[in-house]
Amino acid sequence: MTRACIFCEIAQGKAPKALVYEDDHCLAFMDIHPLGDGHVLVIPVEHAVQITDLAPETSEHLFNVAQRILRGQRRLGLGLNGTHILLNDGEAANQTVPHAHIHVIPRKKGDSLRSASRLLLHVTGLFGARAKRTTLEQQAKALRYELDGRTPD
Ligand code: 5GP
Ligand code: ZN
């Protein structure tokens, strides 16, 4: 881990996360400043700043997991009309956390204004209000069960 990498801390259980999925190579959790309802981040367990710093099979695995998340979101009714699968690769491309990650951001018809204003805050590094932890935990739980093919209690 590089010094004070928040995603390494999350991967190592040293910082909190609303966990959606994990295996030996990657994990997925809810973004604390969602650009859309149900916004998930998929990250490699190993520290790498850019996607090209990863072995090709690891980056391929991340995209496969992102697609599984996308399908799970759709089964829950999120992003039925569209989803961003986004990778900000490098500082000039608005990467604010220097640990590679894929965003899976469900969109809704008519949410452009809300989404654009949040995106502006994101791009400027200001971000907005954090989502409530309880909301993120509920969404993560629903997604976790959905990926397992089960229904939450
Ligand atoms: P980037 O701008 O690097 O593509 O995106 C970084 C993302 O990480 C942002 O959407 C931001 O909200 C999210 N993020 C930053 N710190 C944390 C954190 O501590 N926990 C979670 N869950 N997300 C974070
Ligand atoms: Zn890291």
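In this report, we go over the structure that sits alongside the text. Just so it is clear, the structure is predicted and the values come from calculations on it, not from any experiment.

### Details of the coordination of the zinc ion (ligand 2)
Distances from the zinc ion (ligand 2) to its protein donors, Cys5 (SG), Cys8 (SG), His47 (ND1) and His99 (ND1), fall at 2.0 to 2.3 Å. Coordination at the zinc ion (ligand 2) is tetrahedral: its 4 donor atoms span angles of 104 to 118° at the metal. The sequence pattern describing where the donors of the zinc ion (ligand 2) fall on their chain is C-x2-C-x38-H-x51-H. A residue pair is termed long-range when its members are at least 10 positions apart, and Cys5 in the segment before α1 (6-11) and His99 in the loop between β4 (83-86) and β5 (102-106) qualify at 94 residues.

### Some remarks on the packing of helix α2 (residues 56-75) against helix α4 (residues 133-148)
As a packed pair, α2 and α4 sit with axes 9 Å apart at the nearest point and diverge in direction by 105°. Between α2 and α4, the interaxial angle falls into the category roughly perpendicular. Here Arg68, Ile69, Gly72, Gln73 and Arg75 of α2 come into contact with α4, specifically with Leu143, Glu146 and Leu147. Taken together, the residues of the contact of α2 with α4 sort by class into 3 nonpolar, 2 polar and 3 charged.

### What about the environment of Lys132?
Secondary-structure assignment places Lys132 in the loop between α3 (112-123) and α4. For Lys132, a relative accessible area of 62% translates into the label exposed.

### Focus: the pairing of strand β2 (residues 26-30)
Here β2 lies mainly inside the structure; 5 of its 5 residues are buried. Residues Cys26, Ala28 and Met30 of β2 are buried on one face, and the alternating residues Leu27 and Phe29, pointing to the opposite face, are buried as well. The pairing of strand β1 (residues 19-22) with β2 spans 3 bridges and is antiparallel. Residue Leu19 lies in a different strand from β2, and its bridge partner there is Phe29. What sits between the antiparallel neighbours β1 and β2 is a turn of 3 residues. Where β2 meets strand β3 (residues 40-44), 5 bridges bridge the pair, whose relative direction is antiparallel. Directly across from Phe29, in β3, lies its bridge partner Leu41.

The rules behind the values
Residues numbered from 1 in each chain as written. Chains lettered and ligands numbered in written order. Predicted model: local features only at pLDDT ≥ 70, side-chain atom pairs only at ≥ 80, totals over all residues. Heavy atoms only, no water. Donors = N, O, S within 2.8 Å, 3.2 Å for Na, K, Ca; no water. Tetrahedral: all angles 85-135°; square planar, octahedral: opposite > 155°, others 65-115°. Helix = DSSP H or I, 4+ residues; strand = E, 2+ residues; numbered from the N terminus. Axes fitted to C-alpha atoms, helices over the stretch in contact; angles between N-to-C directions. Parallel < 35°, antiparallel > 145°, perpendicular 65-115°, else oblique. Contact = heavy atoms within 4.5 Å. Nonpolar A, V, L, I, M, F, W, Y, C, P; charged D, E, K, R; others polar. Buried < 20%, exposed > 50% of the residue type's maximum accessible area, 1.4 Å probe, protein only. Pairing = 2+ DSSP bridges.

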